[in-house]
Amino acid sequence: MNVPKILASIAGLACLLFLSGCGGSATAIQPIPSATAMGSGSTPAKYSAGTISAGKTEMPTHIVNAVTGHLDAELRKRGLSAEEGDAIRIDATATYYRMRSGFSRMMVGILAGKDGIKCDVRLVDKKSGQAVGEFQVSSYNLTAVGGEDDVARMVATEIAKALENYRR
């Protein structure tokens, strides 16, 4: 019996399983078209975070607040933030939420499943109150590193990315 080769194989398999759990991803699904939805102008639209809700999920209030805070920061960073007045309100409703415990993330990694948030996003013109666009955003994290705040930040980033090319 060749014990060193067996130990080396076990160590290699353990490293492979650990590293396979270190990939994260965030994807925008059905982004709004870059064509104008409100007239024929070419000015980038400006946004304000509206209602972010947990919907029928069991997403804790502090995660809802984290998504709102990160979305405000992303809009400012990308120059999409609007002061009061002529803006499009972003309303989002979570349709999926899952967060693994820190222990299971560290001990089992990818085998424990993925953390994630999926939202239906609706864009509402503040002046008319009419919906001007809808899309879905999904964000997830397979890694053993990170946690609730990282997933909240990733979904806010994906919402902002989907809005960048939207024109008024």
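If you're wondering where the values come from, they're calculated on a predicted model, not measured in any experiment.

Student: Describe the pattern of salt bridges, with residues and values.
Tutor: In this structure the tally under the stated criterion is 7 salt bridges. We note a salt bridge from Lys 161 to Glu 158, for which the minimum N-O separation is 3.1 Å. Of this pair, Lys 161 and Glu 158 both sit in helix α4 (residues 148–163), 3 residues apart, roughly one helical turn. Lys 161 gets classed as partly exposed once you look at its relative accessible area, which sits at 41%. Salt bridges sharing common partners tie together Glu 74, Lys 77, Arg 78 and Glu 164.

Student: Any chance you could break down helix α2 (residues 61–77) for me, citing the residues and the numbers?
Tutor: Between its terminal C-alpha atoms α2 stretches 24 Å, which fits the 24 Å expected from 17 residues at 1.5 Å a residue. Among all positions of α2, only Ile 63, Val 64, Ala 66, Val 67, Leu 71, Glu 74 and Leu 75 are buried. Down the axis, α2 shows its buried residues gathered within 165° of arc, on one side only. Structural note: α2 exposes Thr 61, Arg 76 and Lys 77 on the side pointing more than 90 degrees away from its buried face. Among the structural elements, β2 (47–53), β3 (88–98), β4 (115–125) and α4 are those in contact with the buried residues of α2. Following α2 by one or two positions, Gly 79 has its phi on the positive side, about 70°.

Parameters and conventions
Residues numbered from 1 in each chain as written. Predicted model: local features only at pLDDT ≥ 70, side-chain atom pairs only at ≥ 80, totals over all residues. Heavy atoms only, no water. Salt bridge = Lys/Arg side-chain N within 4 Å of Asp/Glu carboxyl O. Helix = DSSP H or I, 4+ residues; strand = E, 2+ residues; numbered from the N terminus. Buried < 20%, exposed > 50% of the residue type's maximum accessible area, 1.4 Å probe, protein only. Expected span 1.5 Å × (residues − 1). Arc of directions from axis to C-beta. Contact = heavy atoms within 4.5 Å.

On their own, these measurements won't tell you what the molecule is for.
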